Amino acid sequence: MKSKKSQSQRCSYAVAIERKAESILSNSDATLATLNATYGRLFPSMSPSETEATFALSLSDTKNTSKISAWHDDASSSVRGHLIELIENVQTLEGWIALALPPMEDGNNFGVSVQLTAAKQLKELRESLTKDVNSAVNYYKTRAEVTEKLTPRLSHTTTSTESNVNASGGKDGDEKKKSDSVTIEQKTCAPEEIGQHLRIKAVLSVDMQYYVEWKASLQGASNAYAAAIDQIEKNLEKITKPRGGNPGGASMSMF
């Protein structure tokens, strides 16, 4: 009885993941179109020098006291969001193919090799996408460390003095008085002109580094995802019916 329940649950999950995979394949053109639209918005046709000049204006803007790059905020969020969506799609396709694998037996395994090749391609794509997501997260840490050196530092100096005053005579006789005073002095330590110029260049280098990385990541993700989907669609029959739907082999009803 326990075995029948387990088999029923597995079939239910297999049907659910098959439907998700079918939806992913059916919407692949729309997914890639969205990726390309974001790529066009974030990375218009500009030379590297023009791009760096745009980032430099943001740093020199006196109103931008926090030295935040609005473009990098937008790009980090957009690129990360697309990559996470692709990772989820790839994981679904990996699960779908894994559940389509037939029982092991001698002979007639060409369809199985097609399944394993598709699964390997998806695994490599997922690992690559995960590394690119980490890059989008690490940007803020890297830039914060460099930007911190651009901000003038405010130093505090505290001076404490104590004075004793002896007074004689008077109604209550001799008395001793003590007074304390504390002085706090603040000084702003601005970097020297040459050093500041080099620090700004360091921030620009970080901004340009991640600009190039995210541009390559988004384009690479689009190409690799399109290639993986294309291989699945070209070999859909072998993936869904690795042994031609014969008894003893696994077959799924995709399309």
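**Here we look at the overall build of the protein chain**
Here comes step 1: A tally of regular secondary structure across the protein chain gives 7 helices and 2 strands.
Here comes step 2: In sequence order, the protein chain lays out its α and β elements as α-α-α-α-α-β-β-α-α.
Here comes step 3: Partitioning the intrachain contacts of the protein chain with sequence separation of at least 6 by distance along the chain shows that 81% fall at a separation of at least 24.
Here comes step 4: In the form shown here, the protein chain has an accessible surface area of approximately 16000 Å², with 53% of it arising from carbon and sulfur atoms.

**So, the packing of aromatic side chains**
Here comes step 1: A complete count under the given rule lists 11 aromatic pairs for this structure.
Here comes step 2: A ring pair is formed by Tyr-139 and Tyr-210, whose centres lie 5.2 Å apart and whose planes are at 70°; its orientation type is edge-to-face. One end of the pair, Tyr-139, is in helix α5 (residues 110-147); the other, Tyr-210, is in helix α6 (residues 193-234), with 71 residues separating them in the sequence. For the pair Tyr-139 and Tyr-210, one class covers both residues: buried.
Here comes step 3: Taking 5.3 Å as the distance between ring centres and 70° as the angle between the ring planes, the aromatic pair formed by Tyr-139 and Trp-214 counts as edge-to-face. Of this pair, Tyr-139 sits in helix α5 while Trp-214 sits in helix α6, and the two are 75 residues apart along the sequence. Comparing Tyr-139 with Trp-214, the two get one shared label, buried.
Here comes step 4: Each residue in the set Tyr-39, Phe-43, Phe-55, Trp-71, Tyr-139, Tyr-140, Tyr-210, Tyr-211 and Trp-214 is aromatic and connected to the rest through ring pairs, giving one cluster.

**Description of the nonpolar core**
Here comes step 1: In terms of nonpolar packing, the biggest core is built from 45 residues, with Leu-93, Trp-96 and Trp-214 touching the most fellow members.
Here comes step 2: Elements represented by at least two residues in this core include exactly α1 (2-26), α2 (28-42), α3 (48-60), α4 (70-100), α5, α6 and α7 (236-240).

**Focus on α3**
Here comes step 1: The terminal C-alpha atoms of α3, which comprises 13 residues, lie 18 Å apart, in line with the 18 Å expected from a rise of 1.5 Å per residue.
Here comes step 2: Listed in full, the buried residues belonging to α3 are Thr-51, Phe-55 and Leu-59. The buried residues of α3 occupy an angular sector of 85° when the element is viewed end-on, so they sit on one face. Residues Ser-49, Leu-57 and Ser-60 are exposed on α3 and point more than 90 degrees away from its buried face.

**So, the packing of α4 against α5**
Here comes step 1: Two numbers describe how α4 lies on α5: the axes approach to 9 Å, and their chain directions differ by 160°. With respect to their mutual orientation, α4 and α5 come out roughly antiparallel. Viewed along their axes, α4 and α5 form a crossing whose handedness is left-handed.
Here comes step 2: The residue inventory of the contact of α4 with α5, partitioned by class, reads 18 nonpolar, 5 polar and 6 charged.

**Thoughts on the confidence of the model for the protein chain**
Here comes step 1: Across the protein chain, the average pLDDT comes to 81, with 71% of residues at or above 70.
Here comes step 2: Across the protein chain, the element-wise mean pLDDT spans from 55 in strand β1 (residues 153-167) up to 97 in α2.
Here comes step 3: A low-confidence stretch, residues 1-8 stays under pLDDT 50, and its non-local contacts, those more than four residues away or across chains, total 0 contacts.
Here comes step 4: Note that residues 246-251 has pLDDT below 50 and, in this model, 17 contacts with residues that lie over four places away or in other chains.

What counts, and at which threshold
Residues numbered from 1 in each chain as written. Predicted model: local features only at pLDDT ≥ 70, side-chain atom pairs only at ≥ 80, totals over all residues. Heavy atoms only, no water. Helix = DSSP H or I, 4+ residues; strand = E, 2+ residues; numbered from the N terminus. Contact = heavy atoms within 4.5 Å. Areas by Shrake-Rupley, 256 points an atom, 1.4 Å probe, with all protein chains shown as cover. Phe/Tyr/Trp six-rings, centres within 6.5 Å; stacked < 30°, edge-to-face > 60°. Buried < 20%, exposed > 50% of the residue type's maximum accessible area, 1.4 Å probe, protein only. Core = buried A, V, L, I, M, F, W, Y, C linked by side-chain atoms within 4.5 Å. Expected span 1.5 Å × (residues − 1). Arc of directions from axis to C-beta. Axes fitted to C-alpha atoms, helices over the stretch in contact; angles between N-to-C directions. Parallel < 35°, antiparallel > 145°, perpendicular 65-115°, else oblique. Left-handed = near helix turned anticlockwise from the far one by under 90°. Nonpolar A, V, L, I, M, F, W, Y, C, P; charged D, E, K, R; others polar. pLDDT = per-residue confidence, 0-100.

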